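Now for the letters of each chain:
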Amino acid sequence: DMVVTISNTTAHVAGALGIPTLLMLGCDPIWYWLLEREDNPWYSSLRLFRQQLNGDWQGVVEKVRKEVAGRLGDD
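Bear in mind the structure is a predicted one, so any value in this text is a computation, not a measurement. (Residues numbered from 1 in each chain as written. Predicted model: local features only at pLDDT ≥ 70, side-chain atom pairs only at ≥ 80, totals over all residues. Heavy atoms only, no water.)

Caption draft 1: Broad picture of the sheet that holds strand β2 (residues 21–25). Taken in spatial order, the 3 strands line up as β1-β2-β3 in an open sheet, and their pairing is parallel. Since the sheet does not close on itself, it has two edges, and those belong to β1 (3–6) and β3 (46–50), each with one partner. Looking at each pair of strands side by side, their axes are set apart by 25° on average, direction ignored. Relative to the sheet, helix α1 (residues 9–17) contacts β1, β2 and β3, its axis offset from that of β1 by approximately 140°. The sheet contacts of helix α2 (residues 57–72) involve β1, β2 and β3, and relative to β2 the element is tilted by about 170°. (Pairing = 2+ DSSP bridges. Helix = DSSP H or I, 4+ residues; strand = E, 2+ residues; numbered from the N terminus. Axes fitted to C-alpha atoms, helices over the stretch in contact; angles between N-to-C directions. Contact = heavy atoms within 4.5 Å.)

Here you go:
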C-alpha cells in the first residue's frame with residue numbers, strides 16, 4: 001500500500017504509521033517540510049516532491065507518476 005497526497009492530515013497520519021507516502025508540495029511549503037529535501041526527519045516513510053516553479057503541478061505529478069510506476073515495475 002502507498003499514499004499519494006498533498007500537505008494535509010493524511011500525510012501526517014500516514015507518516016506516523018510508517019506507510020510509504022509520496023507527498024506533493026508547492027514552492028513555499030509549511031515550515032515542518034523544511035527546504036531542499038526529499039525526506040523528512042520526523043516521518044522516514046515520506047518522500048517529498050516539490051514544485052520547481054510556482055503553480056507547476058504538472059511537473060510534480062509527472063515525477064510522482066514515474067515513482068509509482070517504478071515501484072510497480074511499470075517503468
